[in-house]
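Residue-level structural notes
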Amino acid sequence: MSVDPRTIGWLSRALTHEMSAVQQYLAQSVLAHLWGDETLATYLRAEAVEELGHAERLMERLIRVGVAPAAASLTPARLGRSVDDLLAANRILEADAVKVYREAVAHARRMRDAESAKLFEEILEDELAHVQEIDRMMAERNRHG
């Protein structure tokens with residue numbers, strides 16, 4: 001199957017982002033566990049698993065088009081000294097994901113690559129939901145300050 005090389009670039013860029021997200025959420029989960037906040041640790045671990053699912057879907061698409069998946073250098077995990085720090089770092093991470101997927105969707109549509117566009121759109125929906133959830137959590141924390 002022939003796929004535009006730039007689409008492969010978007011798939012690889014998205015994979016790198018997802019693997020960086022897995023690393024960040026998992027590291028934050030460990031940190032929350034060390035703080036004794038098992039509720040937060042469990043939430044962050046679940047986020048890592050969801051991002052890993054995105055990475056798996058991207059890898060499958062890459063393999064289907066004949067490309068061996070290879071994430072580039074991962075972004076270092078953003079940690080912090082408080083839950084607010086973690087949420088702020090994750091808000092940045094998810095906003096970056098939204099930007100990547102919006103651009104990837106636009107590119108795939110221009111290339112008339114419906115399968116890649118659909119994959120990017122589905123993951124974009126999840127990333128938008130993550131942003132909304134983080135915004136909700138931040139607002140709730142501000143109310144209960």
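To be clear, the structure that these remarks concern was listed above.
Residues numbered from 1 in each chain as written. Predicted model: local features only at pLDDT ≥ 70, side-chain atom pairs only at ≥ 80, totals over all residues. Heavy atoms only, no water.

As a working rule, side chains carrying opposite charge can pair if their charged atoms are close by. Considering all chains together, one arrives at 13 salt bridges under this definition. Between Glu140 and Arg136 there is a salt bridge whose closest N-O contact spans 2.8 Å. Highlighted residues: Glu140 and Arg136, both in helix H4 (residues 114-144), separated by 4 residues, approximately one helical turn. Judged by relative accessible area, Glu140 falls into the partly exposed class, the value being 36%. Put simply, Arg13, Lys99 and Glu103 are held in one network by salt bridges that share partners. (Salt bridge = Lys/Arg side-chain N within 4 Å of Asp/Glu carboxyl O. Helix = DSSP H or I, 4+ residues; strand = E, 2+ residues; numbered from the N terminus. Buried < 20%, exposed > 50% of the residue type's maximum accessible area, 1.4 Å probe, protein only.)

Below, the discussion takes up the packing of helix H1 (residues 5-35) against helix H3 (residues 83-110). At a closest axis distance of 10 Å, the pairing of H1 and H3 adopts a crossing angle of 165 degrees. Relative to H3, the element H1 is oriented roughly antiparallel. The chirality of how H1 crosses H3 is left-handed. Tallied by class, residues from the contact of H1 with H3 come to 14 nonpolar, 6 polar and 6 charged. (Axes fitted to C-alpha atoms, helices over the stretch in contact; angles between N-to-C directions. Parallel < 35°, antiparallel > 145°, perpendicular 65-115°, else oblique. Left-handed = near helix turned anticlockwise from the far one by under 90°. Nonpolar A, V, L, I, M, F, W, Y, C, P; charged D, E, K, R; others polar.)

Across its 28 residues, H3 extends 41 Å between first and last C-alpha, which sits within 8% of the 40 Å expected from 1.5 Å per residue. One or two steps after H3, the chain reaches Arg112, where phi turns positive at roughly 60 degrees. (Expected span 1.5 Å × (residues − 1).)

Evaluation of the coordinates by the stated rule reveals 1 aromatic pair. Each ring, one from Tyr101 and one from Phe120, has its centre 6.2 Å from the other, and the planes form 50 degrees; the classification is tilted. Highlighted residues: Tyr101 in helix H3 and Phe120 in helix H4, separated in sequence by 19 residues. On the basis of relative accessible area, Tyr101 is assigned to the buried category, the value being 0%. Judged by its relative accessible area of 0%, Phe120 falls in the buried class. (Phe/Tyr/Trp six-rings, centres within 6.5 Å; stacked < 30°, edge-to-face > 60°.)

The biggest cluster of nonpolar side chains holds 23 residues, and the ones touching the most others in it are Leu11, Leu58, Tyr101 and Phe120. If you list the elements that add at least two residues to this core, you get H1, helix H2 (38-64), H3 and H4. Broken down by element, the residue count for this core peaks at 7 residues, all from H3. Beyond its immediate chain neighbours, meaning those up to four positions away, Phe120 contacts Trp10, Leu11, Ala14, Leu58, Tyr101, Ala104, Val105 and Ala108. Counting 14 residues, the second largest nonpolar core, distinct from the first, contains Ala21, Tyr25, Val83 and Leu93. (Core = buried A, V, L, I, M, F, W, Y, C linked by side-chain atoms within 4.5 Å. Contact = heavy atoms within 4.5 Å.)

A separate point is unusual backbone geometry. Here Arg112, not a glycine, exhibits a phi torsion of approximately 60 degrees, which is positive. Looking at the secondary structure, you find Arg112 in the loop between H3 and H4.

The next thing to look at is the packing of H3 against H4. One can describe the packing of H3 onto H4 by two numbers: an axis separation of 8 Å at closest approach and a directional angle of 155 degrees. The angle between the axes of H3 and H4 places the two elements in the roughly antiparallel class. For the pair H3 and H4, the sense of crossing is left-handed. Residue composition of the contact of H3 with H4, by class: 19 nonpolar, 3 polar and 9 charged.

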